[in-house]
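Here are the chains, one letter per residue:
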Amino acid sequence: MSQISVSSIAWMLDLPTHSGRNISRDAVRGCEHYLLERRLSVAPIVRPIMDAGRIPAATQRHIITSLRLFRAAVRGLDDLLDHSDADPAGRDAAWRVHGPVATVRAALGLWQRAIAMQSHPFARRIMLAESGRMVRAARLEEMVCRSAGEMVAPVRTLAAIEHRIRDKEWAYWRLIAGLLRVQWRAAPKRWARFAELLHRLSDNWQRADDTRDFAADVADGRLSSFIVDVLRGMPDMFSGAEWASASARPHLYTRSWPARLDTLADRYGARIECHRAWLYRHWSREQARILAAIRHSAGLRYFRW
């Protein structure tokens, strides 16, 4: 996997970098500040892991700062690419407040700062490599959205594409794990346990988001793990006879995947929604169990997440 430079991100994602009016440096700095105001949600998770790994306090602050810069940059660009009016915390999206061009310049500046902070060669390679994977996943997602209405493919192909798109989130968690691993000072077996828990948490987090955002993803033509499950027919939800009847209908497999999804939703909409609500509760409970396992492995009896 080739690495990526920040200068290529705007080109790969077709981001706006110029406008009819000049964007002042003050406007860009104001957007940077706005992006950095949002709380780093992984901080309470990684701090006890860093303590368990006997990572020095100064190095811990360095890692947290790197992640704050990186996550703020990614969030600003992600909201812009998704045309989101608000970020996950409920604030107005940065591009809505500061404009698309200022948001792109601010986000790319923060991204560059996050990379420049990595003095350890391996940490820098991790930052660059996972940035590349994240950008490529975002680019693939945009291509899928643009061609969703014409994309006719079997579910196994759609599942493979969705798996690659999900790298947009997995790359962030691999980056977290990589930065922690570089500075780890405790027993390797303890790190292996935390690495496993972080992997489980990243997958759970993404699946929970996909389940929660089902309606929005359908409206935007975005593939997700839950949408792929629905297209597969979710045999745990349908009886064998019902699914055999549904999957035997040729038009389900000669239409674009949004059209196929509409057909399934028209017939099984109530049960899909019931299953979606149940599954979201399942992912939420699983997240709580993983966080408790991280807390236990770090030797903490109590921690407020």
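Residues numbered from 1 in each chain as written. Predicted model: local features only at pLDDT ≥ 70, side-chain atom pairs only at ≥ 80, totals over all residues. Heavy atoms only, no water.

*Asks:* Can you explain helix α4 (residues 57-82)? Please cite residues and give values.
*Replies:* Relative to the 38 Å expected for 26 residues at 1.5 Å per residue, α4 spans 37 Å between its end C-alpha atoms, a close match to the ideal helical length. The element α4 is largely enclosed, with a buried count of 20 among its 26 residues. Remark: His83 follows α4 within two positions and exhibits a positive phi of approximately 55°. (Helix = DSSP H or I, 4+ residues; strand = E, 2+ residues; numbered from the N terminus. Expected span 1.5 Å × (residues − 1). Buried < 20%, exposed > 50% of the residue type's maximum accessible area, 1.4 Å probe, protein only.)

*Asks:* Tell me about unusual backbone geometry, and please be specific about residues and values.
*Replies:* Positive phi is not limited to glycine here, since Asp14 has a value of about 55°. For Asp14, the position within the fold is in the loop between α1 (6-12) and α2 (25-36). On the basis of relative accessibility, which here comes to 70%, the residue Asp14 falls in the exposed class. A positive phi angle, close to 55°, is found at His83, a residue other than glycine. Its location among the elements puts His83 in the loop between α4 and α5 (94-98).

*Asks:* Kindly report on the confidence of the model for the chain, identifying the contributing residues and their values.
*Replies:* When the pLDDT values of the chain are averaged, the result is 88; 89% of them are 70 or greater. Here helix α13 (residues 240-247) stands out as the least confident element of the chain, with mean pLDDT 63; helix α3 (residues 43-52) is the most confident, with 95. (pLDDT = per-residue confidence, 0-100.)

*Asks:* I'd love a proper account of the pattern of salt bridges, names of residues and values included.
*Replies:* Going through the model one piece at a time under the given rule, you end up with 27 salt bridges. A salt bridge links Asp82 to Arg222; the nearest nitrogen and oxygen atoms lie 2.9 Å apart. Note that Asp82 is positioned in helix α4 and Arg222 in the loop between α11 (214-220) and α12 (225-232), a separation of 140 residues in sequence. A single burial state applies to Asp82 and to Arg222, both of which are buried. One salt bridge connects Arg232 with Asp229, and the closest N-O pair in it is separated by 3.5 Å. Of this pair, Arg232 and Asp229 both sit in helix α12, three residues apart, which is roughly one turn of the helix. Taking the relative accessible area as the measure of exposure, Arg232 reaches 43% and is therefore partly exposed. One salt-bridge network, in which partners are shared between bridges, spans Arg75, Asp78, Asp79, Asp82, Glu141, Glu142, Lys168 and Arg222. (Salt bridge = Lys/Arg side-chain N within 4 Å of Asp/Glu carboxyl O.)

*Asks:* Describe the packing of α3 against helix α9 (residues 167-183), naming the residues involved and giving the relevant values.
*Replies:* Packing of α3 against α9 leaves a shortest axis separation of 11 Å and a crossing angle of 25°. What the angle tells us is that α3 and α9 run roughly parallel. In terms of crossing hand, the pair formed by α3 and α9 is right-handed. Taking contact as the criterion, the partners of Ile45, Val46, Ile49 and Met50 in α3 are, on α9, Trp173, Ile176 and Leu180. Split into classes, the residues belonging to the contact of α3 with α9 amount to seven nonpolar, no polar and no charged. (Axes fitted to C-alpha atoms, helices over the stretch in contact; angles between N-to-C directions. Parallel < 35°, antiparallel > 145°, perpendicular 65-115°, else oblique. Left-handed = near helix turned anticlockwise from the far one by under 90°. Contact = heavy atoms within 4.5 Å. Nonpolar A, V, L, I, M, F, W, Y, C, P; charged D, E, K, R; others polar.)

*Asks:* Can you explain the packing of aromatic side chains? Please cite residues and give values.
*Replies:* Evaluation of the coordinates by the stated rule reveals seven aromatic pairs. Centre to centre, the rings of Phe70 and Trp111 are 5.4 Å apart; their planes meet at 80°, and the pair counts as edge-to-face. Highlighted residues: Phe70 in helix α4 and Trp111 in helix α6 (residues 100-116), separated in sequence by 41 residues. Overall, Phe70 belongs to the buried group, its relative accessible area being 0%. With relative accessibility at 2%, the residue Trp111 sits in the buried group. Connected via pairs of aromatic rings, a cluster forms that spans Phe70, Trp111, Tyr172, Trp173 and Trp205. One residue, Arg71, lies across the ring of Tyr172, its end atom 4.0 Å from the ring centre. In this structure, Arg91 is placed above the aromatic ring of Tyr34, and the distance from its NZ or CZ to the ring centre is 4.0 Å. (Phe/Tyr/Trp six-rings, centres within 6.5 Å; stacked < 30°, edge-to-face > 60°. Lys NZ or Arg CZ within 6 Å of the ring centre and 35° of its normal.)

*Asks:* How would you sum up the environment of Ile49? Please name residues and give values.
*Replies:* Examined against the element boundaries, Ile49 turns out to sit in helix α3. A relative accessible area of 0% places Ile49 in the buried class. Put simply, Ile49 and Arg190 are 141 residues apart on the chain and 9.7 Å apart in space, counted from C-alpha to C-alpha. Not counting chain neighbours up to four residues away, the residues in contact with Ile49 comprise Leu180, Trp184, Trp191, Phe194, Leu198 and Ile294.

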